[in-house]
Structures are given as structure tokens and as C-alpha cells.
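Below, each chain spelled out in residue letters.
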Amino acid sequence: MRNVKDIFQSRACPVSFEIFPPKGELTLEAAREVAGGIARVAPDFISVTYSAGGSGNGQATTAIAAMIQDELGIPSVAHLTCVSATDASLEAAVADMRARGVTTVLALRGDLTEGQEPSRFRYAADLIPLLKDAGFCVGAAAYPEGHITCEDDALNIEHLKAKQDAGADFFVTQLAFDNECIYRFLDAADAAGVTAPITCGIMPFMSKSQISRMVFLCGASLPSPVIKLLAKHEDDPAALRQAGVEYACRQLVDLAAHGVAGVHVYSMNHPDIAESTTRALRQAGFCGA
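Quick notes on the rules
Residues numbered from 1 in each chain as written. Predicted model: local features only at pLDDT ≥ 70, side-chain atom pairs only at ≥ 80, totals over all residues. Heavy atoms only, no water. Helix = DSSP H or I, 4+ residues; strand = E, 2+ residues; numbered from the N terminus. Pairing = 2+ DSSP bridges. Axes fitted to C-alpha atoms, helices over the stretch in contact; angles between N-to-C directions. Contact = heavy atoms within 4.5 Å. Parallel < 35°, antiparallel > 145°, perpendicular 65-115°, else oblique. Left-handed = near helix turned anticlockwise from the far one by under 90°. Nonpolar A, V, L, I, M, F, W, Y, C, P; charged D, E, K, R; others polar. Buried < 20%, exposed > 50% of the residue type's maximum accessible area, 1.4 Å probe, protein only. Phe/Tyr/Trp six-rings, centres within 6.5 Å; stacked < 30°, edge-to-face > 60°. Right-handed = clockwise from strand over helix to strand, strands pointing away.

(A) The arrangement of the environment of D235 in detail. Within the fold, D235 resides in the loop between α9 (224–232) and α10 (237–257). Expressed as a C-alpha distance, the spacing of D235 and S47, which sit 188 residues apart in the sequence, is 33 Å.

What follows is the structure, encoded as C-alpha cells:
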């Protein structure tokens, strides 16, 4: 099974998707159904999030990532957070991933749960060398509008470069609703000497509550077209969901037209989103889809 670094080297603009085990509630069987639906569009890889809400579902993450590779024949990426980890827990996580044949890991800082103190692995850049030494292909997060805790654009780029210097093979961006923010970020990264491929993350907005949550959690800005769609469809949830998917499709096609290294769709465990976004890219003739 190819790792993700090889995919970026061999494909123009790979298309990938994310699924998540929310608070441990997504069983392996349910994940099999979700991933199987996404696999029908033949993505270049599928990533699996880790420990949503501090639920400690790392074993589920690895099991799901291995299932995606072994049963569906799709390369997978297992997320791994470090800020709450101990040396022993990371050693166990690495051993589990290696035993299951997972070869690509997305190294993340993660969030502290209430009452916890950060470990010696305070940032993703601290985790990346450990994973590289263990033989993994390693990805890391990138933030087009800066991490919610980082208000300095220059420092945001410094952190990105530090992750590359630590050994990151590729990056996946946080969601953004304004492609111009992504393009400015990519230009700044290029000027700073970041050469690892950066795949651009897009999340369709599904409801007003979801988009409000994302804005406050991620610090993503809302461009005028999104605000107008929210106002237009605020009393029609089905229409708002459709408008959100269509808006995301337009973002993805525009990103592909601008020659980005890849596109990554936060599908929220909805195979129909994978189908709609892939269809839009194929109709536009992009991403080898």
C-alpha cells in the first residue's frame, strides 16, 4: 500500500476525504459502511481523526485506518495527537499502527482535556521526529488563517516551516470558506521555503449551528457569499445543506484550477458529500478524478 508522500509525487492534485469516530461512537462496522461509501468514488486516501473531544479513541482510529487499507484497498492516514500523550502511550500507539500496517500518520498537537497538563510533546513539531524515526510517512496540519491561538501571520508560517524542518512530508490545511485566504497562505508558505505539498481542506457547511461552531473553534472567516446563503436559506435546512455542498464544490474546482497540490474534503461521515464533490471535480476535468 502506497504512503501519502508517494501519492503526492505520482498524482496531480490528489483528492482525499476525512472520516471521524466521534467520541468513540462510530463502531468499526459503522465506519466500514461510511468508508465503503466514500471508497466508491476512488479517493487517493482517507484520513481518520483521533480522539474527538478527548474521548481516547486512538485504538478505533488505528483499527479503522487499517480496515480502509486492508478491506477497501484505499491508502489511509491515521491522526495522532500528542499534547495529552505520555511516552508510554505514544510508544503503544506507534506499535499498534506498525502492527496493523498503517504507514502514514497525521501528527497533531490536539487539545488538553479538563484538568490535564501538557506532556513534553507540547506541539506537533515535537511529535514528528518520533514518528519519522519509527519509519512513518508523516503529515501535519496547516492553518490558512492561523491557528485559533495564533494571531500573528508571520508566526503561523514559522510554525509551518518548523514542522517541515522536523520532517513533515505533507500538510493538510484547516477548513476555510474563502479561497483567497488559502492562496495568500500558500504564497506566504512558498516564500518561506515550504516545499512539502499542502493539500487544501474544505468543509461543506450543513447548518447554521455547524458553521457557527466551526467559526468559533477554528477561527475561519465567513465571506459575504456564505453569509448571504445562510440568510437566504435560514428557514430551510435541506436547501441550506444543498447550498453548502454546492459552495464547497465551487471552492474545490477553483482550487484545482489554481493548481493546488491537492484537495481534502471534510466529509463529516457523509458519503453523499464525497460523491457530490468528486462529481463536480470530474465534470470540471480536474484532479485526475
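(B) Highlighting the sheet that holds strand β8 (residues 262–266). Reading around the barrel, the 8 strands line up as β1-β2-β3-β4-β5-β6-β7-β8 and close back on themselves, with parallel pairing between neighbours. Ignoring which end each strand starts from, the neighbouring axes of this sheet average 30 degrees apart. Alignment of strand β3 (residues 76–81) against strand β4 (residues 104–108), held across 4 bridges, turns out to be parallel. Of the residues in β4, the one forming a bridge with L80 is A107. Along the sheet face, α10 touches β7 (198–202) and β8 and points at about 165 degrees away from the line of β7. Docked against the sheet, helix α11 (residues 271–284) engages β1 (15–19) and β8, running at close to 165 degrees with respect to β1.

(C) Fine view of the packing of α10 against α11. One way to put it is that α10 packs onto α11 with a least axis distance of 9 Å and a crossing angle of 40 degrees. One element, α10, and the other, α11, form an angle in the oblique class. Seen from above, α10 lies across α11 with right-handed handedness. Along its contact with α10, which presents R241, V245, C249, L252, V253 and A256, the element α11 presents D272, I273, S276, T277, A280, L281 and A284. Here the contact of α10 with α11 is composed, by residue class, of 9 nonpolar, 2 polar and 2 charged.

(D) Focus on the environment of K5. Positionally, K5 belongs in helix α1 (residues 4–10). Accessibility expressed as a relative area gives 36% for K5, which makes it partly exposed. Taking the C-alpha atoms as reference, K5 lies 19 Å from Q174; in sequence the two are 169 residues apart. Filtering out sequence-adjacent residues up to four positions away, K5 remains in contact with C137 and D169.

(E) How the structure looks around the packing of aromatic side chains. The tally for this structure, following the rule as stated, stands at 5 aromatic pairs. Between the aromatic rings of F8 and F45, the centroid separation amounts to 6.3 Å while the plane-to-plane angle is 65 degrees, which identifies the pairing as edge-to-face. Of this pair, F8 sits in helix α1 while F45 sits in strand β2 (residues 45–48), and the two are 37 residues apart along the sequence. Take F8: its relative accessible area is 11%, and that puts it in the buried class. Here F8 and F170 contribute two aromatic rings whose centre-to-centre distance is 5.7 Å and whose plane-to-plane angle is 35 degrees, an arrangement assigned as tilted. Here F8 is found in helix α1, whereas its partner F170 is found in strand β6 (residues 170–173), with 162 residues between them in sequence. Given the relative accessible area of 0%, F170 is considered buried. Taken together, the ring pairs in this structure connect F8, F45 and F170 into an aromatic cluster.

(F) The pairing of β4, seen in detail. Among the 5 residues of β4, 5 are classified as buried, and the element is accordingly described as predominantly covered. Residues T104, L106 and L108 point to one face of β4 and V105 and A107 to the other, with burial holding for every one of them. Crossover β3 to β4 through helix α4 (residues 87–99) is right-handed. Alignment of β4 against strand β5 (residues 137–142), held across 4 bridges, turns out to be parallel. What sits directly across from V105, in β5, is V138.

The values are spatial; any link to function lies outside them.
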